[in-house]
Amino acid sequence: MRLSKLFSQTLREAPAEAEISSHQLLVRAGFIRQLAAGIFSYLPLAKRALTKIENIMRDEMNAIGGQEITMPVVHPAELWQESERWYAIGSEMGRFKDKNNRDMVLAMTHEEVVADLVRRDVHSYRQLPRLIYHIQTKWRDDPRPRAGLIRVREFTMKDSYSLDADWDGLDKQYRAHYQAYFNIFHLCGVEVIAVKSDVGMMGGKLAHEYMYLTPIGEDTLLLCDACGYAANRQIARFQKTAPVSEQPLQLEKVATPETKTIAALADFLQIPQSKTAKAVFMVAKISEGQDTAQKLVFAILRGDMELNETKLANALVANELRPAHDEEIISVGAVPGYASPVGIPGDAVGRSEQTPLPLVVVVDDLIPQSPNLVAGANEDGFHLRNVNYGRDYQAQIVADIAAAQDGDSCPDCGGVLHTQRGVEVGNIFKLGTRFAEPMGCTYTDKDGVERPVIMGSYGIGSGRLLACIAEEHHDEHGLIWPVTVAPYHVHLVALAGKGSDQVQQEAESIYAELEAAGLEVLYDDREESPGVKFNDADLIGLPVRLTVSGRALEQGGVEFKRRDQADKRILPRAEIVQQVKAEIASLMKEIQEKLVEVSFAD
RNA sequence: CGGGGCGUAGCGCAGACCGGUAGCGCACCGCGUUUGGGACGCGGGGGUCGGCGGUUCAAGUCCGCCCGCCCCGACCA
């Protein structure tokens, strides 16, 4: 490809809104252009890199028995109503009506369509197991797209769906993906760790997320160096230190003016925060079939702990959770800043605007073991000493709802947990019968018994992966593509001044030779100064740079430089093709060697 | 959805407080010089100043409403 003909242009300065390196560099190097918030065009260089990423995914999927298909981007709403996700998912789902006024859905993912295909075509155990996958555009109207390609609304994803007759089969396909995904990320030059994750809107039994560790990541992970425990903060467990047991003492009201926070309370009473109870009010939407009930949630934790909303939502089986307004808190008889469940009837009903809201009290599982806590008195300016769970109040739900924090103890080995940020570049889910049951995907087994198909679903976003590669592989001058995903392998720079036809002719013939040898070459044939050409080469970041110049020709060849190394050397004119091929092969080998068997951590 | 910021040429920005002919750098086009790390000279093109409404003799500038984009939070297969 001649740079003079390429549809894109490098920029000296990145748009002001680009903050992270991958975003700035991909824009400056002419890979991507933004159309709207979270919606991007991919120019030729990006398209070529994406195609390589996707082909790596194809190879690995095919290697574990995958068969590529394509499923639609537009789905009839009925399918999503059958799975009930039409009701469970809010504004994130793109909905519109067709010309006949029928509700339609823009695909966020394809479990429903897979289920529909399966129930139409799969009837016998002889048709299982199967693995199908596709690479398709999805739409998720994310409340806040950000960080360039890391978090977008329209994106392309490779997703695969495993279909099995039994749970052992699912386990096999799950483990096959577990390893295949490590292979894909290693081949793309991105180190990841697999962490257990929340199953979220997918439902299902077990899920792992593949996290690329980076400070710009939006997920917080808890990692244990001692035993390797790794989990998304959303579900991370930790060992709670059991408090020293005490005889329950008598309730005692104490005046605590202007102490509406736990910190202020502990300070005022000169007690540790662990001797206080914290009340957090949320409003949960809980779907009951096609109806959605709202409940006012009164969550109680020890004062030294933070609420983990995902754990709370899971304990409630809620699809949505938001902080309660003060009026809603007051409507059940509690006082914001001085609230506690003591004296609030368990069947209390509050009001949100005009709607009655049933109350549900949830306490963290450490609370019943923690005696004589200080909690609010539901009276402005007063707290209660010696509040004891069971004696003074009851909860409908006792569960682990506390967030793990830096320095907490590892749930598996007791070691110290630390937090790190990461970007989720892929995930694998054991769906089980989450979609097969409601959508009627059944097959007949050997004994003539009808059984549900057991499903798994596995996704990798290709654009996000591209961004993570760029994030990982760059320096102050520009991108540094791993050879496996580089849009081209060789950046051929011709430094031909006017009146130096010889350099131009040599460059042209070297370009032709490289192309003829099957090498992928980006040839800078523009009339630009050397500085511009070198800077653009560094910015675009192809693995190998060849410079044809009068100086190099005098030394008998062309100058060779790897983008990831500083040193340069002259390749003899006659050996250019052969040596470049050898270099590319050795770069490929460097990456191939990173492929390792990763032990499966359940 | 809450908090904050920003919309002036393709990109980066000035002009706005204090209303009076819309500017600078880069990029782009032409000619010439230059060619190993973002060259130089001369000439040139490109703007509904995010939109609508208001105030005014006069609005990029003042007022109101709306839209878009970015950041923090909420949310998130």
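When helices and strands are counted, chain A shows 15 helices and 32 strands. Residues counted as buried form 51% of the 602 residues belonging to chain A. Long-range contacts, defined as pairs at least 24 residues apart, comprise 70% of the intrachain contacts of chain A with a sequence gap of at least 6. Carbon together with sulfur atoms contributes 48% to the accessible area of chain A, which is approximately 26,700 Å² in total. Once the 64 positive and 86 negative side-chain charges of chain A are each reduced to a mean point, those two points are 2 Å apart.

What follows covers the pairing of strand S22 (residues 417-432). For S22, the buried fraction is high: 12 of the 16 residues fall into the buried class. Note: strand S10 (residues 206-213) against S22, eight bridges, orientation antiparallel. In the sheet register, Leu 206 faces S22, and the bridge partner there is Lys 430. Relative to S22, strand S11 (residues 219-224) runs antiparallel, the two being bridged by six bridges. In the strand pairing of S22, Asp 219 is matched with Gly 422. Across six bridges, S22 lies against strand S25 (residues 454-461) in antiparallel orientation. By the bridge assignment for S25, Lys 430 is matched with Gly 456.

Tracing the backbone through its elements, the reader meets Ile 150 in the loop between strand S7 (130-139) and strand S8 (154-164). Looking at Ile 150, the relative accessible area reads 3%, which means it is buried. For the pair Ile 150 and Arg 464, spaced 314 residues apart in sequence, the C-alpha separation works out to 4.9 Å. If we skip the residues at most four places from it in the chain, Ile 150 touches Ile 20, Ile 216, Val 423, Arg 464, Ala 467 and Cys 468.

Attention now goes to the nonpolar core. Core analysis: the biggest nonpolar cluster contains 85 residues, and Phe 31, Tyr 181, Tyr 210, Leu 465, Trp 481 and Leu 546 have the highest contact counts within it. In terms of residue count, helix H6 (residues 167-187) provides more of this core than any other element does, nine residues in total. Two domains share this core, each providing at least three of its residues, namely domain 1 (17-236 + 418-471) and domain 3 (488-592). Not counting residues within four places of it along the chain, the set of residues in contact with Tyr 181 comprises Met 61, Lys 158, Ser 160, Tyr 210, Asn 427, Ile 428, Tyr 458, Gly 459 and Ile 460.

On to the sheet that holds strand S13 (residues 252-255). Reading across from one edge, S13-S20-S19 is the order of the three strands in this open sheet, with antiparallel pairing throughout. A strand with exactly one partner marks an edge of an open sheet, and here the two such strands are S13 and strand S19 (373-379). Between one strand and the next, the sheet's axes are offset by a mean angle of 35 degrees, whatever the strand orientation.

Structurally, chain A comprises domain 1 (17-236 + 418-471), domain 2 (252-399) and domain 3 (488-592). Computed over C-alpha atoms, the centres of domain 2 and domain 3 are 67 Å apart.

This part is about the protein's contact with RNA strand B. Around RNA strand B, a shell composed of 48 residues is seen, among which Arg 140, Arg 151, Met 157, Glu 309 and Ser 549 lie nearest. With respect to RNA strand B, the side chain of Asn 535 contributes an N or O atom lying 3.1 Å from a sugar or linking oxygen. Between Arg 545 and RNA strand B, the recorded distance is 2.8 Å, taken from a side-chain N or O atom to a base oxygen. Breaking the surface near RNA strand B down by element, the ones donating at least two residues are strand S1 (32-36), S8, S22, helix H13 (530-540), strand S30 (544-549) and helix H14 (550-554). Ranked by residue count, the leading element in the surface near RNA strand B is H13, at seven residues. In the surface near RNA strand B, the residues fall into 19 nonpolar, nine polar and 20 charged.

Moving on, we get to the sheet that holds strand S5 (residues 95-97). Across the sheet, which stays open at both edges, the three strands sit in the order S4-S6-S5 with antiparallel pairing between neighbours. Both outer strands of the open sheet, strand S4 (74-76) and S5, are each paired with one neighbouring strand and no more. Across this sheet, the average inter-strand angle for adjacent strands is 35 degrees, counted without regard to direction. With three bridges joining them, S4 and strand S6 (residues 103-106) adopt antiparallel strand pairing. Of the residues in S6, the one forming a bridge with Pro 76 is Met 104.

Working note: α-helix, 3.6 residues per turn, so residues spaced by three or four point in the same direction. With 20 residues, helix H2 (residues 44-63) should cover 28 Å at 1.5 Å per step; its first-to-last C-alpha distance of 28 Å lies within 8% of that length. When H2 is considered as a whole, its buried residues turn out to be Leu 45, Ala 46, Ala 49, Leu 50, Lys 52, Ile 53, Glu 54, Ile 56, Met 57, Glu 60 and Met 61. One or two positions beyond H2, positive phi appears at Gly 65, with a value near 95 degrees.

Helix H11 (residues 462-472) packs onto H2 with a crossing angle of 110 degrees between their chain directions and a minimal axis gap of 10 Å. Classed by the angle they form, the pair H2 and H11 counts as roughly perpendicular. Here Ala 46, Ala 49, Leu 50, Ile 53, Glu 54 and Met 57 of H2 lie close against H11, whose contacting residues are Ser 462, Gly 463, Leu 465, Leu 466 and Ile 469. Looking at the contact of H2 with H11, its residues break down into eight nonpolar, two polar and one charged.

Before going further, it helps to examine the side chain of Ser 160. Looking at where Ser 160 falls in the secondary structure, it is placed in strand S8. Of the residues examined, Ser 160 reaches a relative accessible area of 0% and is grouped as buried. A polar contact is formed between the side chain of Ser 160 and the side chain of Lys 158, at a distance of 2.8 Å. Among all residues touching Ser 160, those that are not within four sequence positions of it are Met 61, Leu 131, Ile 132, Tyr 133, His 177, Tyr 181, Gly 456, Ser 457 and Tyr 458.

Let us look at the pairing of strand S29 (residues 521-524). The alternating pattern of S29 places Val 521 and Tyr 523 on one face and Leu 522 and Asp 524 on the opposite face, and all of these are buried. Note that strand S28 (residues 490-495) and S29 share four bridges and pair parallel. Counterpart to Val 490 in the pairing with S29 is Val 521.

Each pair of packed helices can be summarised by the angle the axes make with each other and by the distance between the axes. Where H2 meets H6, the closest approach of the two axes is 10 Å, and the angle between their N-to-C directions is 155 degrees. Compared by their axis directions, H2 and H6 come out roughly antiparallel. Judged by the twist between their axes, the crossing of H2 over H6 is right-handed. Touching Ile 56, Met 57, Glu 60 and Met 61 of H2 are His 177, Ala 180, Tyr 181, Asn 183, Ile 184 and Leu 187, all from H6. Split into classes, the residues belonging to the contact of H2 with H6 amount to seven nonpolar, two polar and one charged.

Cut-offs applied
Residues numbered from 1 in each chain as written. Chains lettered and ligands numbered in written order. Predicted model: local features only at pLDDT ≥ 70, side-chain atom pairs only at ≥ 80, totals over all residues. Heavy atoms only, no water. Helix = DSSP H or I, 4+ residues; strand = E, 2+ residues; numbered from the N terminus. Buried < 20%, exposed > 50% of the residue type's maximum accessible area, 1.4 Å probe, protein only. Contact = heavy atoms within 4.5 Å. Areas by Shrake-Rupley, 256 points an atom, 1.4 Å probe, with all protein chains shown as cover. Lys, Arg positive; Asp, Glu negative; His and termini not counted. Charge placed at Lys NZ, Arg CZ, Asp CG, Glu CD. Pairing = 2+ DSSP bridges. Core = buried A, V, L, I, M, F, W, Y, C linked by side-chain atoms within 4.5 Å. Domains from an automatic or database assignment. Axes fitted to C-alpha atoms, helices over the stretch in contact; angles between N-to-C directions. Near = heavy atom within 4 Å. Polar contact = N/O pair within 3.5 Å; in protein donor to acceptor, adjacent residues only side chain to side chain. Nonpolar A, V, L, I, M, F, W, Y, C, P; charged D, E, K, R; others polar. Expected span 1.5 Å × (residues − 1). Parallel < 35°, antiparallel > 145°, perpendicular 65-115°, else oblique. Left-handed = near helix turned anticlockwise from the far one by under 90°.

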